[in-house]
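# Chain and residue survey
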Amino acid sequence: MDKNRLISIKEEKRAKIIENLLQNDLIELVEDKVVLKGDYYKNQLRIALRNCDIINPFDIEEYIAFDGYLALHNVLTNLSQREVVDIMKNSLLRGRGGAGFPTGKKWEEAFTFDADQKYIICNADEGDPGAFMDRSILEKDPHSVLEGMAIGGYAIGANKGFIYVRAEYPQAVKTLKHAIEEAKTLGLLGKDIFKSGFDFDIELRLGSGAFVCGEGTALIESIEGHRGMPRPKLQRTAHVGLWGKPTIINNVETFANVAPIILNGAEWFRSIGTEKSPGTKVFSLVGKIENAGLVEVPMGTKLRDIVFDIGGGCQNNKEYKAVQTGGPSGGCIPKEYLDVAVDFESLASIGSIMGSGGMVVMDENTCMMDIAKYFLEFSVDESCGKCIPCREGTRRMYEILELITEGKAQMSDLEELENLAHVVSDTSLCGLGQTAPNPVITTLKYYKDEYIAHIVDKKCPAKSCKPLITYTISDKCIGCTLCKKNCPVDAIQGELKVKHSIDIEKCIKCGSCYEVCPVKPVKAVEIY
Amino acid sequence: MKTVKLTIDNKEIEVDSSLTVMQAANSVGIKIPNLCYDERLDIFGACRMCVVEIEGSKKLQTSCSTKVRDGMVVHTKTEKVIQARREILRLLLDNHPNDCLTCEKAGDCLLQDYAYEYDVKFRNHTGKIRDRYIDDSNPFYVYDAQKCILCGLCVRVCSRLQVTGAIDFVNRGFDTIIGTPFNDGLINSDCVSCGNCVSVCPTGALMPKSKEKFRTWEVEKVKTTCTFCGVGCQINLLTKDDKVVGVEPVKNAVNEGLLCVKGKFSFNFINHPDRLNAPLLKEDGVFKEISWDRAYEIIKEKVDKYMAENGPDSFAGLSSARCTNEENYLFQKLFRAVLKTNNIDHCARL
Ligand SMILES: Cc1cc2nc3c(=O)[nH]c(=O)nc-3n(C[C@H](O)[C@H](O)[C@H](O)COP(=O)(O)O)c2cc1C
Ligand code: SF4
Ligand code: SF4
Ligand code: SF4
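Residues numbered from 1 in each chain as written. Chains lettered and ligands numbered in written order. Predicted model: local features only at pLDDT ≥ 70, side-chain atom pairs only at ≥ 80, totals over all residues. Heavy atoms only, no water.

### What about the overall build of chain A?
Here is the rule: Only runs of H or I of at least four residues qualify as helices and only runs of E of at least two qualify as strands under DSSP, and these elements are numbered from the N terminus. Our radius of gyration looks at C-alpha atoms and nothing else; its globule reference is 2.2 Å times the residue count to the power 0.38. Partly exposed residues are those whose accessible area sits between 20% and 50% of the maximum for their type, while under 20% is buried and over 50% is exposed, using a 1.4 Å probe and protein chains only. In what follows, a contact means two residues having at least one pair of non-hydrogen atoms within 4.5 Å. Accessible surface area values rest on a Shrake-Rupley calculation with a 1.4 Å probe, where residue burial reflects the displayed protein chains alone. Charge convention: Lys and Arg are scored as positive, Asp and Glu as negative, and His as well as the terminal groups of each chain are ignored. We put the charge of a Lys on NZ, of an Arg on CZ, of an Asp on CG and of a Glu on CD.
Across its full length, chain A carries 23 helices and 16 strands. For 528 residues, the compact-globule estimate of 2.2 N^0.38 gives 24 Å, and chain A sits close to it at 26 Å. Across the 528 residues of chain A, 58% fall into the buried class. Long-range contacts, defined here as pairs at least 24 residues apart, represent 69% of the contacts in chain A between residues at least 6 apart. Accessible area for chain A stands at about 21,100 Å²; split by element, carbon and sulfur atoms hold 49% of it. In chain A, which carries 63 positive and 74 negative side-chain charges, the distance between the mean positions of the two groups comes to 2 Å.

### A look at the interface of chain B and chain A
Here is the rule we go by: Buried area: the sum, over both parts, of the accessible surface (1.4 Å probe) that disappears when the two are put together. We count a salt bridge whenever a side-chain nitrogen from Lys or Arg sits within 4 Å of a carboxyl oxygen from Asp or Glu. Under the rule applied, a polar contact is a pair of N or O atoms within 3.5 Å (in protein, one hydrogen donor and one hydrogen acceptor; residues adjacent in sequence only if both atoms are side-chain atoms). Only Asp, Glu, Lys and Arg are considered charged, only Ala, Val, Leu, Ile, Met, Phe, Trp, Tyr, Cys and Pro nonpolar, and every remaining residue, Gly among them, polar.
Taken together, the contacts link 36 residues of chain B with 33 residues of chain A. With both sides pooled, the region where chain B packs onto chain A buries about 2,800 Å², and carbon together with sulfur makes up 57% of that total. Summed over the shared surface of chain B and chain A, the number is four salt bridges. The salt bridge partner of Glu-382 of chain A is Arg-172 of chain B, with a shortest N-O separation of 3.3 Å. Applying the counting criterion to the chain B and chain A interface returns 18 residue pairs in polar contact (both at pLDDT 80 or more). Those elements giving two or more residues to the side of chain B that touches chain A turn out to be α2 (79-93) and β8 (168-170) of chain B. Here the side of chain B that touches chain A takes six residues from α2 of chain B, the largest share from any one element. Within the side of chain B that touches chain A, the residues separate by chemical class into 15 nonpolar, ten polar and eleven charged.

### A closer look at the sheet that holds strand β2 (residues 11-16) of chain B
Residues and elements named next belong to chain B. Note the threshold: Two strands are counted as paired when DSSP detects at least two bridges linking them. Here an angle of 0 to 180 degrees is reported between the N-to-C directions of two axes, which are lines fitted to C-alpha atoms, with helices fitted over the stretch in contact.
With respect to topology, five strands assemble into an open sheet ordered β2-β1-β5-β3-β4, the strand pairing being mixed. With one partner strand each, in any of the chains shown, β2 and β4 (61-62) form the two edges of the open sheet. By the bridge criterion, two bridges tie strand β3 (residues 51-54) to strand β5 (residues 73-75) in an arrangement that is antiparallel. Each bridged residue has a counterpart across the sheet, and for Ile-54 the counterpart in β5 is Val-74. The strands touched by α2 within the sheet are β3 and β5, with β3 carrying the most contacts at an inclination of about 160 degrees.

### Some thoughts on the pattern of salt bridges
Scanning the entire structure with this criterion turns up 51 salt bridges over all chains. Residue Lys-245 of chain A pairs with Asp-116 of chain A through a salt bridge whose shortest N-O separation is 2.9 Å. Of this pair, Lys-245 of chain A sits in the loop between α10 (216-223) and β7 (247-251) while Asp-116 of chain A is found in the loop between α6 (103-111) and β3 (119-124), placing the two residues 129 residues apart along the sequence. A salt bridge links Arg-294 of chain B to Glu-297 of chain B, with the shortest nitrogen-to-oxygen separation between them at 3.4 Å. Here Glu-297 of chain B and Arg-294 of chain B lie together in helix α7 (residues 292-310), a separation of three residues that amounts to about one turn. The exposure class of Arg-294 of chain B is partly exposed, given its relative accessible area of 35%. Taking relative accessible area as the criterion, Glu-297 of chain B reaches 44% and is therefore assigned partly exposed. Sharing partners across several salt bridges, the network here consists of Glu-416 of chain A together with Glu-87, Arg-90, Asp-94 and Arg-123 of chain B.

### Topic: the domain arrangement of chain A
The condition that has to hold: Just so you know, the domain bounds were taken from an automatic or database domain assignment.
Split into domains, chain A comes out as domain 1 (77-270), domain 2 (280-363), domain 3 (368-457) and domain 4 (470-527). Distance from the C-alpha centre of domain 2 of chain A to the C-alpha centre of domain 4 of chain A: 36 Å.

Structure representation (structure tokens):
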């Protein structure tokens, strides 16, 4: 494999792929650039997702057709390790896995640390509920990750890479295996790549469904064959990592950004996004949103633009209530802050985090205590059990939220909840415990009145917590019997054309009656 | 050796730059509480009890896993630190049986000591407590998950020092316990019953199956050398009313706090009614107790007799690995110098 071969593959394939996509009406050409067609994509800028839904992930030549492996060629034949590290540092690319640590700086740590063996690891353990950014890249453009890893390997002096991918992503595993084989066959992985003397191999390691194994040191423990529990940070993994050797761990999306930075330069990358958070970020927009899906936009884009312009606002024209960014480690962002710029600093300033890019949209019918409880339950289940505050404390917090949503809590429980939230976040060992209270802390900050309504008035303002609501039928009832027929527990009495009534003792609050009541504009079934 | 200067609790000290804050504090007699640290093992960082305040960092830092730096100013007993430790202890007590009254470990339990020191009490709550799980399949010791604080000392001692790796953490989060593969019971695991996990456990979660009832404050500790082999492990015999009721390894000795199954658990023979306490003489097919003086007389008579009849090489001696080196030395001296024969051997050679 050499540069001429790369270019001839590109010339041979590219036009054909584009023609095919145009024929199927899937793309349009904007200033010679391929852009996916439709309003949803109009306001996006796709760098990490550049090839997704455009190329066939099982054909390496299609990746090459869109400049694939040119960056690796350039790095191996024209640039020194130091130069690659400097380009990455200049680009100010920040890790997309959650913490936003500058990638170039991290690479430099490993590059300047002398060792006989170094490793590069791609963190593909994506475990946040509702997040599937990394999955898309792995399944639709695996070579962008392999190329990024090989460049990273060259930069720090590692010739062995691991992709730690969760076993719940079988398609991603299949795609990656195929991609690694193809790259080896073409000599783009393996020995003496581009005759540069640089060897680089990649192996897969499958995670077995523990969220905490996405944490860097737990991931290392897991690859080493131990139980996935985070290590105390006595030394940096860039110095002492996998099997005690210097190790760089980066996220899938981080690696997917590497080749474009090498090809277009650090200046180009810094011209996108904000000064401190350059580039784009992929978000997975889910929840009560009209257009759910993956969104890649420049950093600093307003939250409002993502939720409304791209996402189309809440489903069924319901009112927007909040969006949870950063998954279980993040916080919710209320209406008042819809104009916040989505970048690392701005989100942190209002108590949330960027996280890996999950965005769960909630409408007026979402109870924030319920949301806090949901995310906390996730953390309770996923806590590895190593340290006391996270193992014991998240469980106690969850129990208080249970009491609140069941209408059994007292104001003293709320004090205890706040107290525990701080203990857990201040003293836990790893990021999981340190951030697990965030959903509670932010809902307490922005929706304290809802907490108080649950505790003092025993009411759920969003009419979502079952123990706190009652279903009744008003005088508007036309006696259509629809609700009676649909009630699964026969709690509704009434004859045809006569007002119906609900037996509160029997009612299980499933809401079927409310759903089917045909009376308009205000339904005859009422919820208190 | 590079050194750094730092201040801990207003005390200026100079220490080796490779130390952690906890080690530095310990070196000048400032004790920092902890439930999962052991100087023989890698830093684990699980209990979070060792948090301290370091000027310049907003968050509390765990002193076990923070390296000393030049100019560092550390406070180990501030209001914030003490509050955090109390909360951690409270979380532990919320999930611990209120059983100190009859717990065998009472008086020797770190959790109890810290709860007392930090004035944290059991309280009533309606939340979950860990499921009951007791593994008493091993004949020598028993594991009670409800008393376990998951410090991981047993796991690490078993895998790093004993190098058996019989036990590990099982399940996750709140349901975590210490167990064996497939939770098949200790008796079906690789466990060699060395009891080193029992010796290191800070609570009553891992306890010897003692036949004697005693409270830790009733026993006298008698330091001695284990007699089972020639290694010379140092042990404390725990005695109550002149009876040996338990054994604990001595930490600052050749065995570094470790023992084998015999040293740790095999002491019941000392008080056993069948144990020989005096020499026996067989007459007319029946053993009879005699005095030591009488026994030596008989030995001497027989030695003289056979020496005269058959010479030195009609004697042979076999010594035991359970004797000390000194005893073995004297034994061979007796054979070589007094009886003048080289027919001398030792069971450990078999
Ligand atoms: C509980 C926990 C789970 C994590 N899960 C992931 C994950 O699934 N994927 C990921 O890339 N980073 C995850 N991280 C962040 C990693 O620890 C690490 O910061 C990241 O992989 C570094 O890569 P980056 O610099 O490219 O972001 C997680 C962190 C924590 C504390
Ligand atoms: S914070 Fe939670 S997940 Fe992290 S080490 Fe502690 S128990 Fe494990
Ligand atoms: S008795 Fe010894 S071998 Fe058995 S679990 Fe304990 S430390 Fe491991
Ligand atoms: S059994 Fe004892 S030593 Fe082992 S984890 Fe539990 S408390 Fe710690």
